[in-house]
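Understanding the architecture of this molecule
Chain by chain, the residues run as shown.
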Amino acid sequence: MSRFVGRSPEIRRLVQSTLEDGTHAEVIGPAGIGKSRVLRELRAAVESDGADAELVVASAPDLAVPFAPFAHLLDDGGLQAQDPTEHLVRLAAVLATRSAAGPFVLLVDDAHRLDPQ
């Protein structure tokens, strides 16, 4: 990976928003401007500050199965049940456990693809 330059102020603001302020942040803009790279750098920055972080990438093929981008977070590594509500309940439990252990940041790349509606 090439050296990351020119976005330090943005990363600092995102770290402040997520870790210090305890709120959310959005990285928005047209395709190809480096949003995915900013998210990877943000993950590294919050982890270096001692937080737990998870980067989820939503992709078009995942749309066929509800919560598919989050499947790797589940204990069995997948979405074995057929009921999307069960997937949501299991995912919420995993995220709650990780959050209870200390600062936790969930990053979602291409979040707009999570719900095609």
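Residues numbered from 1 in each chain as written. Predicted model: local features only at pLDDT ≥ 70, side-chain atom pairs only at ≥ 80, totals over all residues. Heavy atoms only, no water.

**Considering the overall build of the protein chain**
- Scanning the protein chain from N- to C-terminus turns up three helices and two strands.
- For the protein chain, the N- to C-terminal ordering of α and β elements is α-α-β-α-β.
- Looking at the protein chain as a whole, 32% of its 117 residues are labelled buried.
- The contacts in the protein chain between residues at least 6 apart in sequence include a share of 55% that link residues at least 24 apart. (Helix = DSSP H or I, 4+ residues; strand = E, 2+ residues; numbered from the N terminus. Buried < 20%, exposed > 50% of the residue type's maximum accessible area, 1.4 Å probe, protein only. Contact = heavy atoms within 4.5 Å.)

**Quick notes on the packing of helix α1 (residues 8–20) against helix α2 (residues 35–48)**
- Put simply, α1 and α2 touch, their axes get as near as 10 Å, and they point 60 degrees apart. What the angle tells us is that α1 and α2 run oblique. When you trace α1 past α2, the crossing you get is right-handed. On α2, the residues touching I11, L14, V15, T18 and L19 of α1 are V38, E41, L42, A45 and V46.
- Among the residues forming the contact of α1 with α2, the class breakdown is eight nonpolar, one polar and one charged. (Axes fitted to C-alpha atoms, helices over the stretch in contact; angles between N-to-C directions. Parallel < 35°, antiparallel > 145°, perpendicular 65-115°, else oblique. Left-handed = near helix turned anticlockwise from the far one by under 90°. Nonpolar A, V, L, I, M, F, W, Y, C, P; charged D, E, K, R; others polar.)

**Let's talk about helix α3 (residues 84–100)**
- An ideal rise of 1.5 Å per residue puts 24 Å on 17 residues; α3 measures up with 24 Å between its terminal C-alpha atoms.
- Residues of α3 that are buried in the fold lie against β1 (52–57) and β2 (104–109).
- Just downstream of α3, G102 is the residue with a positive phi angle, here 150 degrees. (Expected span 1.5 Å × (residues − 1).)

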